[in-house]
Every structure is written in C-alpha cells, then in structure tokens.
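# Coordinate inspection notes
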Amino acid sequence: MTTRRDFLRAGLLVGGASFMPRWAFANDGGFSGQLVRSPFLRPFAMALPIPPVVQPVPPFATRRDVLPGTVFHEIRIRERQQQFHPDLPPTTVWGYEDANQPQARNSPGHTFVGKQGTPRMVRFHNELPADHRGFGVPNMAVHRHGGNQESQDDGFPLDIFHPGESRDFSWTDHREDERDITQGTLWYHDHLVDFTAQNVYHGLAGFYIRYNDVDTGDENQPGTTGLRLPSPPFDVAIVLQDRVFNADGSLFYDLNQHDGMLGDTFTVNGAAQPFFRVQRRKYRFRVLNGSNARIYSLALSNGMPMVQIGTEGGFLEFPLPRQDILIGVAERVEFILDFTNVPTGTQIVLENRLRQDDGRGPSGDFANPDLGVRIPLVRFDVGGPAPDNSVIPTRLRDPFPPDPFPPVNRRRFEFVRSNGAWQINDKFFNADRVDANPRVDDIELWTFKNGGGGWWHPIHVHLSSFEILRRNGAPPPPWERAMKETVLLGPGDEVDMRMKFQNFRGRYVFHCHNVEHEDLAMMGRFDSI
Ligand code: C2O
Ligand code: CU
Ligand code: CU
C-alpha cells in the first residue's frame, strides 16, 4: 500500500523543496507569490460563533466499564456546509456535533463542559462519507488534548474507527497530584496517523472546558480557594485557525506544503475576522491556537493589558498583565479583559502582531519575535454596563511544593529536520517502537532541544502535564511558570521539564504540534509503565 508519506516523499523529489511561497495576509496587502489566495473578505462582517454545549443523553449500553455517576454523550462526526463569512459561499467542513442538537455549524466542534471528578462516556459515530475525495481521510482517532485518560481513550494514532463505525471514549477527569489545579481549557481533535494535519484543517477540533472545586464556573460561588473568575456567558473560549479558501468557498489545502500549512484568512471559532459584542464588565477568555503551523503574538489595538491567569496546564501563581502574548500551535492562554471602564461604543481589536511567511516558523526567535504586522482577529464591540460579581484575584494558587527527591531519570530528545521530514533523536515515528518508558509517579527530567535550521517546533506530550524548569539555561519567563503540556521551541531553544506521568499505564505519544511536522513523522511513542 502506498502511504501518504511515500507520496509526500515522492512529491519532495519533484521540486517540493524549492517551493517556498511567501504568504501574505488577507487585508494586510503585500501578497507575493502564493499559489492560491483567498478572496478578499471584509473584516468584522459576522458575529463570533459560540458553539453549543454538548448535552447529556440517557445511558447507553457499552462494553467499557461504567463508573457510578457517569454522564453519557453522543457525538456525530459529520460533513457539513458552514458559512465562514457572509460574502463567501458555504464551506464543506468536517466537525463534531452533539447528536441531539443538530445545528447549522459543527466546526469548531460542540463544546464539552465538565467538572473534575465526573466520569464521562462519549460515543462518537463516524458518519463521514466513506467515498470521500480530496484532502483528509475519514478514519478517525479522537484525542482529548490535555486529558489524563487511559491509552485506549487517548486517540492513539493507529486506534481508528472507520465511516459507519462508532467508538466509546471514557473521558473521566481524574485528579492528578497537587499541581493539577485546573487544566481548564482542553480541546479534542482528530489524531489519525499521517493525516492529522489534513483532518484538523478540515474542521475536526472542539473545546472541552473543565471546572472543579477551585474554579467553579459560577462567579457567584467562590471556589475552595475563594476564586470568583468571570463565568459563562462571560467565560468565552475562542480558537484561532488560519485557512485558505477557494473562490467557491471550499477549503484549499496544499498537499505539497510540507513545512506547515499557513492560511491567509484568519478565522475565529469558524468565522473570518468576526466581531463580538461585549458588555462593560470582566470577561475570561480562553484562547486556543488551533492552527496547523502558525504562531501568533496577541495584542489589543488600544494597548489594553490582557491579564493572563493560566496556560494550557493550569493557573499561574499570580495574574500577569501582558501587552503581547506569544502562543504556539496547540497552546492555550487564559486571560481576563476588563471592559468595565471602557466607554460604550468603543471598538477594540484583538490582533496578531507576529510576522510569519512560511511553515518554518515566524521571523525572529522566542525571546525576540518579529512583531512587524497587525492582523485583526476579532473585534470587541463594547456595549452597556452589566452586573459583575467576578473578581481578578491577587493570587491564583499556592507555589508548587518542592519535590522530595531528585529526578529518578533523565531523557533528552532532539527535534531535527532530516531528508525533507522531521525526526526525534534521528528517528521517524514508528508506532511499534517504544522511545521512552517512564514509570507512573516517578519524577523525571526531560530535555527538549531544537536541532536548528530556523525551524520552530511546538512540542506536546500526552497523558500528563509538565513544569518548565529552565529555558536555555535560565528560569522560564513568568508566563511559563504554570503547568504546561505544550512547549514552544524556537530556533535553537533547549528546555528542561519536570515530568510526572500519572494514573495510567499504556502507550501514548509525544510530538511536534506543527501538525504537518507531526504527520511527517516528528512523533515518538512512550509507554508509561
Ligand atoms: Cu493535540 Cu497529540 O495532540
Ligand atoms: Cu494531547
Ligand atoms: Cu515541528
């Protein structure tokens, strides 16, 4: 059987390596040489879509173990026609939708809202067309990114189910150790071996929001540590995804683009540069970089600070006001925006300032990114005042307790470009080879090193989150002093992390989350033992 990887390697010989488009930004001028360019779409023409919350269904029979108190859900994975902009014909997307809430939109997928400790059984039905042509492959592996779950529930890239088949996933929000205070903004997406990039680009990604006793999801109900963060509907998850659209509205995916697919159109929750009506009060935003290869630096057009409270792995110790937030692929940031004293009628644009012209990565490096552009992502239109019982706390959590003993093991992984693809420690991904076998509950020290060549690699580890101990020999910047499960390696970067895998033994993966790099084999298997 010819795999996509063979096909792509062949493609590389026919001149892929010399194909180096400079991507331009819609609404930003400066186009030079991209093969397909999206039609111009005027910004702020559509309201920010908010995906519906997935509702419980009556218990169904399953072969999996069902814990007492389990909440059941049913998701259909379907192809749909969805509007990204009023001036653009509808776009064919693949998405995740609540089986009992048929909606016009399913990308991003419908949002799960969970409470830590509640067991959840989710049945996914693969209803994608079996005879699909074009980019993307309709065999599914669903990964709850950021979740601590059994190997069989983790979307291992070869654990797939085909069109017409269903699969049950047990997504229980287990407690990990004392460092696991929130892990509040998870997401779920397809993880099919070799085709994750195409399938995620096709639309297969959604949010999984998790609350707990500390972070209750109700600003009128302080958590056990007294937190009263802005709560729904003032707690808003947004996913940033760059795309290229053909004039007929269809998605353009470049099968010859192995460095990482960049788009020239900036979508937020499945709308091109939408607006969002806010009221004069505090909001909590959870931003996910759900792009294939683009890194962003976020800033507000009026210079207002974004008060960061968390990362993808949990809370910072203290809220941190920031002017620019660098966010790599698959990372999440949580911040509070306070519109209380902003005059009604004000328009504030969340912008991307980071210049990036190809899948290699942005210009500049981690410490000095090139903030040479201003690309509107979403405009906040400030309305009238609204009641607000939320509080920006002075402190979000206790400092992490010191480890009682030194790491029991050290591992070093170097991420390198090789033969037109990408390797970890000189090896391509092989699902049958175990690249590390950490023992559950051991504390290990892992080092990730970017092997160079100007490439950026956002590296993600499944099963448990980690703590960044050092970045290039120095303590990490304050915004990385929280639990993380994805770390951005800029050119030449070397990062040390404290790892502690918890609760489950089995096979898992770690990989570059530039999904084209992932598919071209920058992935390793580890077995927790
Ligand atoms: Cu977000 Cu292994 O994936
Ligand atoms: Cu993951
Ligand atoms: Cu990479």
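## Quick notes on the packing of aromatic side chains
Tallied over the entire structure, the rule returns 39 aromatic pairs. Arranged with centres 5.2 Å apart and planes meeting at 80 degrees, the rings of Phe-112 and Tyr-188 form a pair that is edge-to-face. In this pair, Phe-112 is assigned in strand E3 (residues 109-115) and Tyr-188 in strand E7 (residues 185-190), connecting sequence segments 76 residues apart. Between the aromatic rings of Phe-285 and Phe-335, the centroid separation amounts to 6.2 Å while the plane-to-plane angle is 40 degrees, which identifies the pairing as tilted. Of this pair, Phe-285 sits in strand E14 (residues 282-289) while Phe-335 sits in strand E19 (residues 332-338), placing them 50 residues apart in sequence. The exposure class assigned to Phe-335 is buried, which follows from its relative accessible area of 1%. Taken together, the aromatic side chains of Tyr-96, Phe-112, Phe-124, Phe-161, Phe-169, Trp-171, Tyr-188 and Tyr-208 make up a single cluster linked through ring pairs. Arg-144 extends its terminal NZ or CZ atom over the ring of Tyr-208, reaching a point 4.7 Å from the ring centre. Across from the ring centre of Trp-479, 4.0 Å away, lies the NZ or CZ of Arg-322, which sits over that ring.

## Observations regarding the side chain of Asp-190
Its place among the elements puts Asp-190 in strand E7. In this view, Asp-190 contacts Tyr-96, Asn-139, Met-140, Ala-141, Thr-196, Asn-199, Val-200 and Leu-204; residues no more than four positions away in its chain are not counted.

## Some details on the sheet that holds strand E30 (residues 506-512)
Strand order in the open sheet made by the 4 strands is E28-E25-E30-E31, with antiparallel pairing throughout. The open sheet is flanked by strand E28 (486-489) and strand E31 (523-528), the only strands paired with a single partner. Sheet twist, expressed as the average angle between the axes of neighbouring strands with direction ignored, equals 20 degrees.

## Things to note about the pattern of salt bridges
For the structure shown, the criterion picks out 37 salt bridges. Among the salt bridges present, the one from Asp-213 reaches Lys-115, with a minimum N-O distance of 3.0 Å. A residue pair is termed long-range when its members are at least 10 positions apart, and Asp-213 in the loop between strand E8 (205-211) and strand E9 (235-245) and Lys-115 in strand E3 qualify at 98 residues. Note on Asp-213: relative accessible area 43%, which makes it partly exposed. With a closest N to O distance of 4.0 Å, Arg-284 and Asp-235 form a salt bridge. Note that Arg-284 is positioned in strand E14 and Asp-235 in strand E9, a separation of 49 residues in sequence. By the burial criterion, Arg-284 is buried, and Asp-235 matches it. Three or more residues joined by partner-sharing salt bridges are found here, namely Arg-76, Arg-78, Arg-80, Glu-97 and Glu-127.

## Quick notes on the nonpolar core
One recurring pattern in soluble globular proteins: nonpolar side chains tend to sit buried together. Within the largest apolar cluster, 32 residues are counted, with the highest numbers of intra-cluster contacts made by Leu-298, Phe-339 and Phe-380. For this core, the leading source of residues is strand E21 (residues 375-385), giving 5 residues. Membership of the second largest hydrophobic core comes to 27 residues, among which are Leu-489, Met-497, Tyr-508 and Phe-526.

## What about the coordination of the copper ion (ligand 3)?
Bound to the copper ion (ligand 3) are the protein donor atoms His-457 (ND1), Cys-512 (SG) and His-517 (ND1), situated 2.0 to 2.1 Å from the metal. Site description for the copper ion (ligand 3): donor spacing in sequence, H-x54-C-x4-H. Of this pair, His-457 sits in strand E25 (residues 457-461) while His-517 sits in helix H3 (residues 515-519), and the two are 60 residues apart along the sequence. Take His-457: its relative accessible area is 1%, and that puts it in the buried class.

Parameters at a glance
- Residues numbered from 1 in each chain as written.
- Chains lettered and ligands numbered in written order.
- Predicted model: local features only at pLDDT ≥ 70, side-chain atom pairs only at ≥ 80, totals over all residues.
- Heavy atoms only, no water.
- Phe/Tyr/Trp six-rings, centres within 6.5 Å; stacked < 30°, edge-to-face > 60°.
- Helix = DSSP H or I, 4+ residues; strand = E, 2+ residues; numbered from the N terminus.
- Buried < 20%, exposed > 50% of the residue type's maximum accessible area, 1.4 Å probe, protein only.
- Lys NZ or Arg CZ within 6 Å of the ring centre and 35° of its normal.
- Contact = heavy atoms within 4.5 Å.
- Pairing = 2+ DSSP bridges.
- Axes fitted to C-alpha atoms, helices over the stretch in contact; angles between N-to-C directions.
- Salt bridge = Lys/Arg side-chain N within 4 Å of Asp/Glu carboxyl O.
- Core = buried A, V, L, I, M, F, W, Y, C linked by side-chain atoms within 4.5 Å.
- Donors = N, O, S within 2.8 Å, 3.2 Å for Na, K, Ca; no water.

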